[in-house]
Amino acid sequence: QVQLVESGGGLVQAGGSLRLSCAASGSILSIFGMGWYRQAPGKQRELVARITRDLSTNYADSVKGRFTISRDDAKKMVHLQMNSLKPEDTAVYYCNAYIGYGLGVSVYWGQGTQVTVSS
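Analysis parameters
Residues numbered from 1 in each chain as written. Predicted model: local features only at pLDDT ≥ 70, side-chain atom pairs only at ≥ 80, totals over all residues. Heavy atoms only, no water. Helix = DSSP H or I, 4+ residues; strand = E, 2+ residues; numbered from the N terminus. Rg over C-alpha atoms; globule rule 2.2 N^0.38 Å. Phe/Tyr/Trp six-rings, centres within 6.5 Å; stacked < 30°, edge-to-face > 60°. Lys NZ or Arg CZ within 6 Å of the ring centre and 35° of its normal. Disulfide = S-S within 2.5 Å. Buried < 20%, exposed > 50% of the residue type's maximum accessible area, 1.4 Å probe, protein only. Pairing = 2+ DSSP bridges. Axes fitted to C-alpha atoms, helices over the stretch in contact; angles between N-to-C directions. Salt bridge = Lys/Arg side-chain N within 4 Å of Asp/Glu carboxyl O. Contact = heavy atoms within 4.5 Å.

**Observations regarding the overall build of the protein chain**
No. 1: A tally of regular secondary structure across the protein chain gives 0 helices and 11 strands.
No. 2: Ordered by position in the sequence, the α and β elements of the protein chain form the string β-β-β-β-β-β-β-β-β-β-β.
No. 3: The C-alpha atoms of the protein chain give a radius of gyration of 14 Å, which matches the 14 Å a tight globule of 119 residues would have.
No. 4: In terms of overall dimensions, the protein chain has C-alpha extents of about 50 × 25 × 25 Å along its principal axes.

**A look at the packing of aromatic side chains**
No. 1: Going through the model one piece at a time under the given rule, you end up with 1 aromatic pair.
No. 2: One cation-aromatic arrangement involves Arg-45 over Tyr-94; the distance from NZ or CZ to the ring centre is 3.8 Å.
No. 3: Sitting above the plane of the Trp-109 ring, Arg-45 keeps its charged end 5.0 Å from the centroid.

**Notes on the state of the cysteines**
No. 1: Applying the stated criterion across every chain yields a total of 1 disulfide.
No. 2: Note that Cys-22 is cross-linked by a disulfide to Cys-95, the S-S spacing being 2.0 Å. Given an S-S torsion of about -85 degrees, the disulfide between Cys-22 and Cys-95 has left-handed geometry. With Cys-22 in strand 3 (residues 18-25) and Cys-95 in strand 9 (residues 91-101), this residue pair connects regions lying 73 residues apart in the sequence. Here Cys-22 matches Cys-95 in class, with each residue buried.

**Quick word on the sheet that holds strand 3**
To summarise the sheet geometry, strands pair through backbone hydrogen bonds and adopt either a parallel or an antiparallel arrangement.
No. 1: The strand order across the open sheet formed by 4 strands is 1-3-8-7, and the pairing between neighbours is antiparallel. This sheet does not close on itself; its edge strands, each paired only once, are strand 1 (3-7) and strand 7 (67-72). Across the sheet, the mean angle from the axis of one strand to that of its neighbour is 15 degrees, orientation sign disregarded.
No. 2: As judged from the 5 bridges shared by strand 1 and strand 3, these two strands associate in the antiparallel manner. If you follow Ser-7 over to strand 3, its bridge partner there is Ser-21.

**Concerning the pattern of salt bridges**
No. 1: Under the counting rule described, the total for this entry stands at 5 salt bridges.
No. 2: A salt bridge links Asp-89 to Arg-38; its shortest N-O distance comes to 3.0 Å. Taken together, the residues Asp-89 in the loop between strand 8 (77-82) and strand 9 and Arg-38 in strand 4 (residues 30-39) connect sequence positions 51 residues apart. Of the two residues, Asp-89 and Arg-38, both sit in the buried class.
No. 3: Notably, a salt bridge pairs Asp-89 with Arg-66, separated by 2.8 Å at the nearest N-O pair. Here the residue Asp-89 occupies a position in the loop between strand 8 and strand 9, and Arg-66 occupies one in the loop between strand 6 (57-59) and strand 7, the gap between them amounting to 23 residues. For the pair Asp-89 and Arg-66, one class covers both residues: buried.
No. 4: Through salt bridges that share partners, Arg-38, Glu-46, Arg-66 and Asp-89 make up one connected network.

**Some remarks on the environment of Gly-33**
No. 1: You can see Gly-33 is positioned in strand 4.
No. 2: Relative accessible area serves as the criterion here: at 15%, Gly-33 is assigned to the buried category.
No. 3: Apart from the residues within four sequence positions on either side, Gly-33 is in contact with Arg-50, Ile-51, Thr-52, Arg-71, Asn-96, Ala-97 and Tyr-98.

By themselves these figures say nothing about function.
Here is the structure:
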């Protein structure tokens with residue numbers, strides 16, 4: 001089976017930086033789109049950033065210019081570099097990926113990593 005594991009979350013002060021990483025493992029033939037979502041207490045889960053296999057990217061308006069998503073297919077990883085962090089960025093961040101295997105394509109989610117930004 002396929003698993004996604006996030007790392008890199010933590011506590012930082014406003015204006016600081018943090019880099020999240022997500023590693024995929026298991027029966028993987030191909031990794032298509034990969035991305036990061038986040039969910040703050042009392043709010044809906046929202047898209048933060050996505051990156052396709054061809055390296056096209058899409059960002060939420062609230063993080064444009066501050067966050068950068070990247071991928072390393074050789075290592076089966078996706079990263080999210082977060083700069084100029086704000087208290088409103090506080091949330092649990094989830095890794096997401098569309099993964100191809102012998103019988104088709106499936107969507108997978110990591111268990112999340114906490115990011116807390118203090119003022």
